[in-house]
Amino acid sequence: MTYSTRPSGAETGPQAAAWAVADQPTPEGRSAPAVPDPRPDPAAPPDAAAHAGAVAGTATLAPPEGERQGDGPVRIASPPKPRRERDPFFDNAKYFAILLVVSGHSIANLQNVPMAKGLYIFIYMFHMPLFIVITGYFSRNWTFSPGKARKLITNVGVPYVVFEVAYSLYDWLAGRHDLEISLLSPYYLTWFLCALFLWRLSTPVWQQIRWPLAVAMGFALLSYMSDLGGTFDIHRVFGLLPFYVLGLKLRPEHFELLKKPIARPIGAVVLVIGLACSYLVMKHMSVSWIFWKDPHDKLGVGDFKGTLMRLAMFASATVLVAAFLTLIPRKRYWFTALGATTLYCYLLHGFVTRLLNFTGWWGADWMHTPAGVVAVICGAVVVGTFLCSPPVRRTMSWALEPKMTWVFTPLRRPSRG
């Protein structure tokens, strides 16, 4: 993720299990789970009628005087199942992941400092794959049901349009270029929403083919062998697709392995090695590789070498994602709830980093020192935390979680015949 030439958690992403409920209207206009309506033989003795109602899951009661309506039994719907609590592990993971995103964007203009460049490559190697894997994991039950389709539109599609327009206007008002708004060419941070929309639509396909991860990897590797253009940032859509499909295939037991006590020191060692490798390769590797957006010819390599490089990057990113997750706290802390609103931080922090671009702050000499890099990262952590906070959510929910029931109609089904 970087500044697009036109230049992530998510939560967010939408993360709910699917369920099917048969509804019937109630006198109050609400809906309640449908229950069987067996009618015992009126001639049967009272005990038999009570037995029939019990077997069918209903209770035959004598309503208060004046409330009896008809001869049928009074049906009592089963109480709804309690909603499953959010797992704090994943909200914690998204909170720390979004801090990596904000920190990465904050040091992007400080890469003349070796410390900043090494950190930049290290963060970009896995921070978006991490978000995408978690997003895929919570998309396992996504279907084309009306409720989920509407949520995809309101929580992903609408924010994409709003922030595509907002960032384009922001740059234009700052005098960066002529006003240009194109929903076909994602601008700056909005590429992730575009990609997420397309990945979600493809979910039922990946859930039905035999080797989804292998097929997704094939699409990703082939996509870099030719220039597909910039529409929808399509190279990123295909190139990062394997991480989404990997998330779809993961199960709770896989994450339980990462939560084992022995995994934590191993993960810490892997991250330290990854950081060291980032410093070793930063003088020999084009930074453009870590943006996942350019075909091989633009990176100056052939398809064979480029494919080997991409395979190495997929393997490295997967290992770093797993290592990062081993260090995530398992319990609920003060920051856990912030992990549920990382999309707010993701889409809003760009206005801060670009403002510093427009005003020339990134050129300040004090920033281009090791101490300055540390100070910038600390500032990024503060800004990232604030942008996940409840006041920001209340202020910006109209754009990121709009209530748009007036837009939708009942599902139109094709007529028979």
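Basis of the calculations
- Residues numbered from 1 in each chain as written.
- Predicted model: local features only at pLDDT ≥ 70, side-chain atom pairs only at ≥ 80, totals over all residues.
- Heavy atoms only, no water.
- Helix = DSSP H or I, 4+ residues; strand = E, 2+ residues; numbered from the N terminus.
- Buried < 20%, exposed > 50% of the residue type's maximum accessible area, 1.4 Å probe, protein only.
- Areas by Shrake-Rupley, 256 points an atom, 1.4 Å probe, with all protein chains shown as cover.
- Salt bridge = Lys/Arg side-chain N within 4 Å of Asp/Glu carboxyl O.
- Core = buried A, V, L, I, M, F, W, Y, C linked by side-chain atoms within 4.5 Å.
- UniProt positions renumbered as here; feature names shortened; annotations may be inferred.
- Polar contact = N/O pair within 3.5 Å; in protein donor to acceptor, adjacent residues only side chain to side chain.
- Axes fitted to C-alpha atoms, helices over the stretch in contact; angles between N-to-C directions.
- Parallel < 35°, antiparallel > 145°, perpendicular 65-115°, else oblique.
- Left-handed = near helix turned anticlockwise from the far one by under 90°.
- Contact = heavy atoms within 4.5 Å.
- Patch = residues over 30% accessible without salt bridge, like charges linked within 9 Å, V, L, I, M, F, W, Y side chains within 5 Å.

(A) Quick look at the overall build of the protein chain. Secondary structure assignment for the protein chain yields 14 helices and 2 strands. Counting only residues that meet the buried cut, the protein chain has 45% of its 417 residues in that class. Surface exposure of the protein chain reaches about 22000 Å², of which carbon and sulfur atoms provide 65%.

(B) Layout of unusual backbone geometry. A positive phi angle is found at Tyr 188, which is not glycine, with a value near 60°. For Tyr 188, the position within the fold is in the loop between α4 (146–173) and α5 (191–206). Phi at Asp 233 takes a positive value of approximately 50°, unusual for a residue other than glycine. With respect to the secondary-structure elements, Asp 233 resides in the loop between α6 (212–223) and α7 (234–239).

(C) Structural context of the pattern of salt bridges. Using the criterion set out here, one finds 8 salt bridges in the structure. For Arg 86, the salt bridge identified is with Asp 91, shortest N-O distance 2.7 Å. Given a relative accessible area of 39%, Arg 86 falls into the partly exposed group. Among the residues examined, Asp 91 registers a relative accessible area of 3% and is labelled buried.

(D) Expanded view of the nonpolar core. Among the nonpolar cores identified, the biggest contains 102 residues, and Phe 163, Trp 199, Ile 290, Leu 325 and Tyr 346 are the most heavily contacted of them. No other element matches helix α3 (residues 114–137), which puts 16 residues into this core.

(E) Just the UniProt feature "transmembrane region" (unreviewed entry) in the protein chain, in detail. Mapped onto the present numbering, the UniProt feature "transmembrane region" (unreviewed entry) falls on residues 93–113, 119–140, 152–169, 181–199, 262–282, 308–328, 333–351 and 371–388. For residues 262–282, helix accounts for 90% and strand for 0%, while the C-alpha atoms at its two ends are 31 Å apart. What you have in residues 308–328 is 90% helix and 0% strand, and the ends, taken at the C-alpha atoms, are 31 Å apart.

(F) Examining the side chain of Ser 106 more closely. With respect to the helices and strands, the residue Ser 106 is situated in helix α2 (residues 88–106). There is a polar contact of 2.7 Å between the side chain of Ser 106 and the backbone oxygen of Val 102.

(G) Layout of the packing of α5 against helix α8 (residues 241–249). Between α5 and α8, the least distance of the axes is 11 Å, while the angle of their chain directions is 55°. Between α5 and α8, the interaxial angle falls into the category oblique. When the axes of α5 and α8 are compared, the crossing they make is right-handed. In this structure, α5 uses Trp 199, Arg 200, Thr 203 and Trp 206 to contact α8, whose residues at the interface are Leu 241, Tyr 244, Val 245 and Leu 248.

(H) Spatial organisation of a nonpolar patch on the surface. A cluster of nonpolar side chains, namely Leu 169, Trp 172, Leu 173, Leu 179 and Ile 181, defines an oily patch on the protein surface of about 470 Å² accessible area. Topologically, Ile 181 is positioned in the loop between α4 and α5. For Ile 181, a relative accessible area of 41% gives the class partly exposed.

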